[in-house]
Amino acid sequence: MEDDAPVIYGLEFQARALTPQTAETDAIRFLVGTQSLRYDNQIHIIDFDDENNIINKNVLLHQVGEIWHISTSPADKGVLATCYNKTSDTKVMTCAAVWRMPKELESGSHESPDDSSSNTQTLELLCHLDNTAHGNMACVMWEPMGDGKKIISLADNNILLWDLEESSAKAVLSSSAALEGKGQLKFTSGRWSPHHNCTQIATANDTTVRGWDIRSMRQIYCIENAHGQLVRDLDFNPNKQYYLASCGDDCKVKFWDTRNVTEPVKTLEEHSHWVWNVRYNHSHDQLILTGSSDSRVILSNMVSISSEPFGHMVDDDELSDQEDQHQEE
């Protein structure tokens with residue numbers, strides 16, 4: 001198989017939630033959560049064998065509802081959190097819970113891609129994040145450099161900081177903050193910064209991006225009208241503190257220096273519809289991946305705002321013509 005040929009993996013149901021498993025250092029692994037109203041939902045554990053260019057997979061049942069967000073513990077490769085829809089008394093709530101996958105699946109799979117999922121196993125529930133007093137959960141964020149015992153959830157207009165007990169069997173709410181203002185304010189997404197000793201997070205609501213110090217639960221910066229329409233996603237540069245990327249329904253991706261938020265440092269306008277996701281490459285922070293409902297995923301090479309603006313990537317000479325369009329230098 002050619003090096004640049006895609007490896008394709010199909011799902012039974014549609015999916016809107018996926019995440020890399022950062023605690024797994026011996027394998028290239030992603031988790032994908034499905035959305036089905038009629039059947040039990042699933043979490044697909046996808047391992048990429050880069051030597052043979054094939055995908056190995058396992059399927060876990062997630063029986064409580066459609067998965068809208070998924071995130072993994074940075075310290076324990078068997079633990080993950082999901083935000084999911086739950087229907088009770090004709091009312092739909094988005095809840096959150098922490099789960100553990102079966103022990104034998106933590107260290108990777110050796111199934112072939114053609115194996116059936118007849119041996120499907122079920123996730124073990126560790127604890128719920130009780131949101132009855134706070135509203136619908138938008139996302140769950142793990143402390144990036146932590147031991148997997150601190151998590152933050154965003155529920156409607158609330159920021160909730162939880163402490164997990166040793167066995168992760170119980171989540172204790174340790175502090176919280178509420179977003180106040182006119183109208184029904186709701187968070188759409190958030191990211192926990194890996195810098196500043198992991199004391200800061202960024203959140204998005206409507207067209208605004210805000211920074212928070214979680215020690216005091218106070219706002220430390222505010223980017224009003226960061227986008228012309230709804231802000232969908234955020235990500236911090238993993239190697240360059242103060243640098244934050246945002247994307248939204250105005251079809252734009254913007255890069256900010258949080259010390260001076262009057263204007264973005266850079267703006268990308270490559271997409272023709274809503275931009276749902278933006279992510280930095282953790283090894284080469286000049287590489288930015290964005291996904292949009294224009295049916296395109298774009299890899300941009302943002303050299304001038306990377307941690308090594310005068311550096312040279314080994315593969316620069318091998319970039320295709322299409323990638324050259326997104327390379328600044």
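Residues numbered from 1 in each chain as written. Predicted model: local features only at pLDDT ≥ 70, side-chain atom pairs only at ≥ 80, totals over all residues. Heavy atoms only, no water.

Asks: Lay out a nonpolar patch on the surface in plain terms, naming residues and giving numbers.
Replies: Taken together, the side chains of Leu289, Val297 and Leu299 present a nonpolar region at the surface, about 260 Å² in accessible area. Here Leu299 is to be found in strand S24 (residues 297–301). (Patch = residues over 30% accessible without salt bridge, like charges linked within 9 Å, V, L, I, M, F, W, Y side chains within 5 Å. Areas by Shrake-Rupley, 256 points an atom, 1.4 Å probe, with all protein chains shown as cover. Salt bridge = Lys/Arg side-chain N within 4 Å of Asp/Glu carboxyl O. Helix = DSSP H or I, 4+ residues; strand = E, 2+ residues; numbered from the N terminus.)

Asks: Talk me through the state of the cysteines; I want residue IDs and the actual numbers.
Replies: In this structure the tally under the stated criterion is 0 disulfides. Summary of cysteine pairing: Cys95 is not part of a disulfide, and the nearest cysteine sulfur, belonging to Cys83, is at 9.2 Å. For Cys139, which is in no disulfide, the shortest distance to another cysteine sulfur is to Cys83 and amounts to 6.5 Å. (Disulfide = S-S within 2.5 Å.)

Asks: Now, about the sheet that holds strand S1 (residues 14–20): what can you tell me, with residues and values included?
Replies: Ordered in space as S1-S2-S3-S4-S8, the 5 strands form an open sheet in which the pairing is mixed. Edge positions in the sheet fall to S1 and strand S8 (121–122), since each has one partner strand and no second. Of the pairings in the sheet, the one linking S1 to strand S2 (residues 28–35) comprises 6 bridges and is antiparallel in character. Of the residues in S2, the one forming a bridge with Gln14 is Gln35. (Pairing = 2+ DSSP bridges.)

Asks: Can you explain the nonpolar core? Please cite residues and give values.
Replies: Core analysis: the biggest nonpolar cluster contains 17 residues, and Val98, Leu129, Met137 and Ile151 have the highest contact counts within it. Going through the elements one at a time, strand S6 (79–88), strand S7 (91–100), strand S9 (124–129), strand S10 (137–142), strand S11 (150–155) and strand S12 (158–164) are the ones with two or more residues in this core. Beyond its immediate stretch of four places on either side in the chain, Val98 contacts Val79, Leu80, Ala81, Glu124, Leu125, Leu126, Cys127, Leu129, Trp142, Ile151 and Leu164. In this structure, Leu31, Ile67, Tyr84 and Cys95 belong to the second largest nonpolar core, which totals 16 residues. (Core = buried A, V, L, I, M, F, W, Y, C linked by side-chain atoms within 4.5 Å. Buried < 20%, exposed > 50% of the residue type's maximum accessible area, 1.4 Å probe, protein only. Contact = heavy atoms within 4.5 Å.)

Asks: Tell me about the UniProt feature "repeat: WD" (unreviewed entry) in the protein, and name the residues and values.
Replies: The feature "repeat: WD" (unreviewed entry), as given by UniProt, occupies residues 224–260 in the numbering adopted here. End C-alpha atoms of residues 224–260 are separated by 13 Å, and the span's content is 0% helix alongside 46% strand. (UniProt positions renumbered as here; feature names shortened; annotations may be inferred.)

Asks: Summarise the sheet that holds S11; cite the residues concerned and give the values.
Replies: On the basis of which strands lie adjacent, the open sheet formed by 4 strands has the order S10-S11-S12-S13 and antiparallel pairing. Edge positions in the sheet fall to S10 and strand S13 (171–178), since each has one partner strand and no second. Strand-to-strand, the axes of this sheet are offset by a mean angle of 20°, without reference to chain direction. As paired elements, S10 and S11 share 5 bridges and run antiparallel to each other. By the bridge assignment for S11, Val140 is matched with Ser153. (Axes fitted to C-alpha atoms, helices over the stretch in contact; angles between N-to-C directions.)

Asks: Got a sec to walk through unusual backbone geometry? Specific residues and values, please.
Replies: The phi angle at Cys198 is positive, at roughly 60°, despite the residue not being glycine. By the secondary structure assignment, Cys198 is in the loop between strand S14 (187–192) and strand S15 (200–205). Look at Ser295: it is not a glycine, yet its phi comes out positive at around 70°. Position of Ser295 relative to the elements: it lies in the loop between strand S23 (287–292) and S24.

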